[in-house]
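Architecture and fold: a report
Spelled out, the chains give:
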Protein chains: 2
Amino acid sequence: MSERRDQILDAALDIADEEGLGAVTMRAVASRVGVTAMALYPHVSGKEDLLDGLVTRLLAGVALPDASLCWTDRLRELGCSGREALHRHPALVPLLFAKPGSTLAARQTADFIYQALLDAGVPAAQIPRLERLITTFLLGFVISETSGRFVAGTAGAQDWRTAAGRDTRLPAHRQLAAVLAEPSWDDEFAADLDDLIGMVAGRSAAENAAAENAAVSRG
Amino acid sequence: MSERRDQILDAALDIADEEGLGAVTMRAVASRVGVTAMALYPHVSGKEDLLDGLVTRLLAGVALPDASLCWTDRLRELGCSGREALHRHPALVPLLFAKPGSTLAARQTADFIYQALLDAGVPAAQIPRLERLITTFLLGFVISETSGRFVAGTAGAQDWRTAAGRDTRLPAHRQLAAVLAEPSWDDEFAADLDDLIGMVAGRSAAENAAAENAAVSRG
DNA sequence: ACCTGAACACCGTTCAAGT
DNA sequence: ACCTGAACACCGTTCAAGT
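All values reported here derive from a predicted model rather than from experimental measurement.

1. Observations concerning the packing of helix H4 (residues 71–88) of chain A against helix H5 (residues 104–120) of chain A
Residue and element names in this part refer to chain A. Packing of H4 against H5 leaves a shortest axis separation of 9 Å and a crossing angle of 155°. In terms of orientation, H4 lies roughly antiparallel with respect to H5. Handedness of the crossing formed by H4 with H5: left-handed. Contacts from Trp71, Arg74, Leu75 and Leu78 of H4 reach H5 at Thr109, Phe112, Ile113, Gln115, Ala116, Leu117, Asp119 and Ala120.

Structure, rendered in structure tokens:
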């Protein structure tokens, strides 16, 4: 509502993008707005509220794919547009694990996934679990990319791959040495998404087969 | 090595378990050891080094299953023992996303998974990716459990489920209202693990079929 | 209603000083 | 080598005071 609040969130978002989440300080945000730290409190109940506002902004950036696509394409596109939205503000991704996504925007993307899984023929009882499985993986992947689990910030820190490929205490690494290079994360994400979609398709196929069997034995 | 360092890490671990990661302060750790904050620096190069030490302790807690089990049981047991280890120090889980697991202990559990995937017949080129997929999911699941994405700290904050089940803007939620209750996270984790293992088995089955086809068309 | 400035109880870390 | 105490440059937030 208040345009002053939007101004504050804009400033906080800029700081997070430029200097990381640690630099998002009441004082720093205030100074970028051109005001004292205390002047933020009428518009933001405290730091936690400020961060909640940033999460809302972050989730507002995920575009929902065209509902007329087939369910596999819908999930694939949602995965990509979700990842892109988080990449736009990588410093904020850790915030997504702190609280349940109970805002309307968060529930709407969950609803979109629910609908895709319904259309896929997944049994209802499995759908909330599979929605959590998919989004948990997506958030985990992006935070791993952006917070340093996959790629270390410093360039030299990835020697461990070649070292591990020669370490006698890591026999399987040695066996896979030829294949341990750092991959394209775009490609890896796409392949993971395909595997998860295949998993969902398998689930619904198994269900359909079971239903058919039941029908046959009934008939 | 230094037993003073171990003493410091013990104190930090206790504070993290009792009061959370935010309470792990150089001053608080020092005072629990019975010493000034500055007295920590000869044994710990700074706060980052202290947190690295805690991560090492955390990962030391994941037990590797018996290597003689079949690959599916090995993955299943490793998933459970990994989750249990993280549950012992939930406050530390966010630290796992910050840096690549390049310590020996971390690489040894990766090696264990590599071996299971090799035994499953997964093509080598897919193995590092699938290892990351599995561990990314596991870490994402546990951090979601323990940091509040799945379960809110305050009891009353889970009303959104029943509210969402009635919200006209969330048609799929309405359709699934009967099934939106908070699940048993133990059961959900087990089901997710089974699905992922099934996905791996499917991958290797596809590969084997392709190889057989190639062999047939060659012969 | 909105903002300021001083203050409080904290941080991590440096530095000179002690033993 | 190990530890102390004062200090520095920060935090988030409260509170009294201004307009």
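2. Points about the protein's contact with DNA strand D
Close to DNA strand D lie 15 residues, the nearest being A:Arg27, A:Met38, A:Tyr41, B:Thr36 and B:His43. In the interface set of DNA strand D, defined as its atoms within 4 Å of the protein, sugar plus phosphate atoms amount to 52%. A distance of 2.4 Å separates a base nitrogen of DNA strand D from a polar side-chain atom of A:Arg27. Within the side chain of A:Tyr41, an N or O atom sits 2.8 Å from a phosphate oxygen of DNA strand D.

3. Some remarks on the interface of chain A and chain B
Listed as interface residues are 57 residues of chain A and, on the opposing side, 57 residues of chain B. A combined buried area of about 4,800 Å² lies between chain A and chain B, and 65% of that area is made up of carbon and sulfur atoms. The tally of links between chain A and chain B comes to 6 salt bridges. B:Arg129 is paired through a salt bridge with A:Asp195; the nearest N and O atoms lie 2.9 Å apart. Secondary structure elements with two or more residues in the side of chain A that touches chain B: H5, helix H6 (127–147), helix H7 (160–164), helix H8 (171–175) and helix H9 (185–218) of chain A.

4. Section: the relation of the copies chain A and chain B
Mapping chain A onto chain B calls for a rotation angle of 180° and an axial translation of 0.0 Å; the resulting RMSD is 0.0 Å. Viewed as a symmetry operation, the transformation between the two copies matches a two-fold axis. When the interface residues of chain A are mapped onto chain B, 100% of them are again interface residues, pointing to one common binding face.

5. Notes on the environment of B:Ala116
Residues and elements named next belong to chain B. Take alanine 116: it is sitting in helix H5 (residues 104–120). Judged by relative accessible area, alanine 116 falls into the buried class, the value being 0%. Between the C-alpha atoms of alanine 116 and arginine 149, which are 33 residues apart in sequence, the distance is 30 Å.

6. A closer look at the packing of aromatic side chains
Under the definition given, this model contains 13 aromatic pairs over all chains. Here A:Phe141 and A:Phe189 contribute two aromatic rings whose centre-to-centre distance is 5.2 Å and whose plane-to-plane angle is 55°, an arrangement assigned as tilted. A residue pair is termed long-range when its members are at least 10 positions apart, and A:Phe141 in helix H6 and A:Phe189 in helix H9 qualify at 48 residues. The class of A:Phe141 is buried, set by a relative accessible area of 0%. Relative to B:Phe189, the ring of B:Phe137 lies with its centre 6.4 Å away and its plane at 10°, an arrangement referred to as stacked. Placement of B:Phe137 in helix H6 (residues 127–147) and of B:Phe189 in helix H9 (residues 185–218) is noted, with a sequence separation of 52 residues between them. Judged by relative accessible area, which is 2%, B:Phe137 ranks as buried. With relative accessibility at 1%, the residue B:Phe189 sits in the buried group.

7. With respect to helix H4 (residues 71–88) of chain B
Counted at 1.5 Å a residue, the expected span for H4(B) with its 18 residues is 26 Å, and the 26 Å between its end C-alpha atoms agrees. Three or more residues of H4(B) are buried, namely B:Trp71, B:Thr72, B:Arg74, B:Leu75, B:Leu78, B:Gly79, B:Ser81, B:Gly82, B:Arg83, B:Ala85 and B:Leu86.

8. Some thoughts on helix H1 (residues 3–19) of chain A
Residues and elements named next belong to chain A. Spanning 17 residues, H1 covers 24 Å between terminal C-alpha atoms, matching the ideal 24 Å at 1.5 Å per step. Among the residues making up H1, those that are buried are Ile8, Leu9, Ala11, Ala12, Leu13, Ile15 and Ala16. Those residues of H1 hidden inside the fold are in contact with helix H2 (26–33) and helix H3 (47–60). The distance from a side-chain oxygen at the start of H1 to the backbone nitrogen of arginine 4 is 3.2 Å, and the residue carrying that oxygen is serine 2. One or two steps after H1, the chain reaches glycine 20, where phi turns positive at roughly 95°.

9. Notes on the protein's contact with DNA strand C
Lining the immediate environment of DNA strand C, one finds 15 residues, of which A:Thr36, A:His43, B:Arg27, B:Met38 and B:Tyr41 sit closest. For DNA strand C, the backbone portion of the atoms within 4 Å of the protein, that is sugar and phosphate, comes to 52%. In this structure, A:Arg4 approaches DNA strand C through a side-chain N or O atom, which is 3.1 Å from a phosphate oxygen. B:Tyr41 is positioned such that a nitrogen or oxygen atom in its side chain is 2.8 Å from a phosphate oxygen of DNA strand C. Residue composition of the surface near DNA strand C, grouped by class: 7 nonpolar, 4 polar and 4 charged.

Criteria and thresholds
- Residues numbered from 1 in each chain as written.
- Chains lettered and ligands numbered in written order.
- Predicted model: local features only at pLDDT ≥ 70, side-chain atom pairs only at ≥ 80, totals over all residues.
- Heavy atoms only, no water.
- Axes fitted to C-alpha atoms, helices over the stretch in contact; angles between N-to-C directions.
- Helix = DSSP H or I, 4+ residues; strand = E, 2+ residues; numbered from the N terminus.
- Parallel < 35°, antiparallel > 145°, perpendicular 65-115°, else oblique.
- Left-handed = near helix turned anticlockwise from the far one by under 90°.
- Contact = heavy atoms within 4.5 Å.
- Near = heavy atom within 4 Å.
- Polar contact = N/O pair within 3.5 Å; in protein donor to acceptor, adjacent residues only side chain to side chain.
- Buried area = accessible area lost by both parts, 1.4 Å probe.
- Salt bridge = Lys/Arg side-chain N within 4 Å of Asp/Glu carboxyl O.
- Least-squares fit on C-alpha atoms with pLDDT ≥ 70 in both.
- Buried < 20%, exposed > 50% of the residue type's maximum accessible area, 1.4 Å probe, protein only.
- Phe/Tyr/Trp six-rings, centres within 6.5 Å; stacked < 30°, edge-to-face > 60°.
- Expected span 1.5 Å × (residues − 1).
- Nonpolar A, V, L, I, M, F, W, Y, C, P; charged D, E, K, R; others polar.

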